[in-house]
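Take a look at the letters that make up each chain.
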Amino acid sequence: MDNKGKILIIPRHLVILRFIELPSIDASELKNMAEFQALKETPYSKDEIIISYRNLGSYKKGFSYIMLAIVKKEIIENMMQQAKDEIEDIRLETELLYSFLLQKGIIKSDKVSLAINIKKEYAEIVITDKTKLIFSRSIKNRADLMKELANSMLFYNRDKANNAINDVNVVY
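All values derive from a computational prediction rather than experimental measurement.

Definitions and limits used
Residues numbered from 1 in each chain as written. Predicted model: local features only at pLDDT ≥ 70, side-chain atom pairs only at ≥ 80, totals over all residues. Heavy atoms only, no water. Phe/Tyr/Trp six-rings, centres within 6.5 Å; stacked < 30°, edge-to-face > 60°. Helix = DSSP H or I, 4+ residues; strand = E, 2+ residues; numbered from the N terminus. Buried < 20%, exposed > 50% of the residue type's maximum accessible area, 1.4 Å probe, protein only. Contact = heavy atoms within 4.5 Å. Pairing = 2+ DSSP bridges. Axes fitted to C-alpha atoms, helices over the stretch in contact; angles between N-to-C directions. Patch = residues over 30% accessible without salt bridge, like charges linked within 9 Å, V, L, I, M, F, W, Y side chains within 5 Å. Areas by Shrake-Rupley, 256 points an atom, 1.4 Å probe, with all protein chains shown as cover. Salt bridge = Lys/Arg side-chain N within 4 Å of Asp/Glu carboxyl O.

### Comments concerning the packing of aromatic side chains
Here is step 1 of the chain: Scanning the entire structure with this criterion turns up three aromatic pairs.
Here is step 2 of the chain: Aromatic pair phenylalanine 135 and phenylalanine 155: ring centres 6.0 Å apart, planes at 40°, arrangement tilted. Of this pair, phenylalanine 135 sits in strand β8 (residues 132–139) while phenylalanine 155 sits in helix α4 (residues 145–158); the two residues are 20 residues apart in sequence, bridging distant segments of the chain.
Here is step 3 of the chain: Overall, phenylalanine 135 belongs to the buried group, its relative accessible area being 8%.
Here is step 4 of the chain: With centroids separated by 6.2 Å and ring planes inclined at 75°, the aromatic side chains of phenylalanine 135 and tyrosine 156 adopt a geometry described as edge-to-face.

Right, here's the structure in full:
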């Protein structure tokens, strides 16, 4: 019998996710900056949310590129109550999708790739520049998929620093 705890997977549409550059490479400074950014991004108090981030690397001297995740604490608490076993770890579905895309070679190491992950109740769009995750958007209502895809492209292209997309994949 397997005694390992469960991994709680948080669907993308339940999370506010931002990809941002911060002017530091120091871990303690990044933690404080990530918390400050999270509080700017939401109308909730610090006690109402869970803030997490993943340092995706340094791409400019003295800067770090992070994936900032913000979720309402009550969402996590409700999901943990529904789990029957002890929770060993919590993961964002976007991270697992990204790992899957890398593992299967769907993300191209020499291209900017867009992947659309279509689920029964929602979809997620992710964009990678080479193998760096740079954009994610959740679409709760799949009926609006094309409209939301167009809006996502407008938002992505608005940043002139973003490279043109060369590769599109649909995963379901």
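Still more to cover.
### Here we look at the environment of lysine 111
Here is step 1 of the chain: Here lysine 111 shows up in the loop between α3 (93–103) and β6 (112–118).
Here is step 2 of the chain: Classification of lysine 111 by relative accessible area gives partly exposed; the value is 32%.
Here is step 3 of the chain: When the C-alpha atoms of lysine 111 and aspartate 89 are compared, they prove to be 32 Å apart, with 22 residues separating the residues in sequence.
Here is step 4 of the chain: Setting aside residues up to four positions removed in sequence, lysine 111 forms contacts with Thr128, Asp129, Lys130, Asn166 and Asp167.

### Some thoughts on the sheet that holds β8
Across a sheet, strands are paired by hydrogen bonds formed along the backbone, either parallel or antiparallel in direction.
Here is step 1 of the chain: Read from one edge to the other, the open sheet built from four strands follows the order β8-β7-β6-β9, with strand pairing classed as mixed. With one partner strand each, in any of the chains shown, β8 and β9 (167–171) form the two edges of the open sheet. Averaged over all neighbouring strand pairs, the angle between strand axes comes to 15°, with direction disregarded.
Here is step 2 of the chain: As paired strands, β6 and strand β7 (residues 123–129) are joined by seven bridges and run antiparallel to one another. Within β7, the residue paired with leucine 114 across the bridge is isoleucine 127.
Here is step 3 of the chain: Sitting on the sheet, α3 touches β6, β7, β8 and β9, and the angle it makes with β7 is about 55°.
Here is step 4 of the chain: Contacting β6, β7 and β8, α4 runs over the sheet at an angle of about 145° to β8.

### Looking at a nonpolar patch on the surface
Here is step 1 of the chain: Taken together, the side chains of Ile7, Ile9 and Leu96 make up a nonpolar region of the molecular surface, amounting to roughly 250 Å² of accessible area.
Here is step 2 of the chain: You can see isoleucine 7 is positioned in strand β1 (residues 6–10).

### A short note on the pattern of salt bridges
Here is step 1 of the chain: For the coordinates displayed, the defined rule picks out nine salt bridges.
Here is step 2 of the chain: Close ionic contact of arginine 12 with glutamate 124 constitutes a salt bridge, the shortest N to O distance being 4.0 Å. Note that arginine 12 is positioned in the loop between β1 and β2 (16–22) and glutamate 124 in strand β7, a separation of 112 residues in sequence. Across the pair, glutamate 124 and arginine 12 agree in class, each one buried.

Scope: geometric values only; no functional claims are made or implied.
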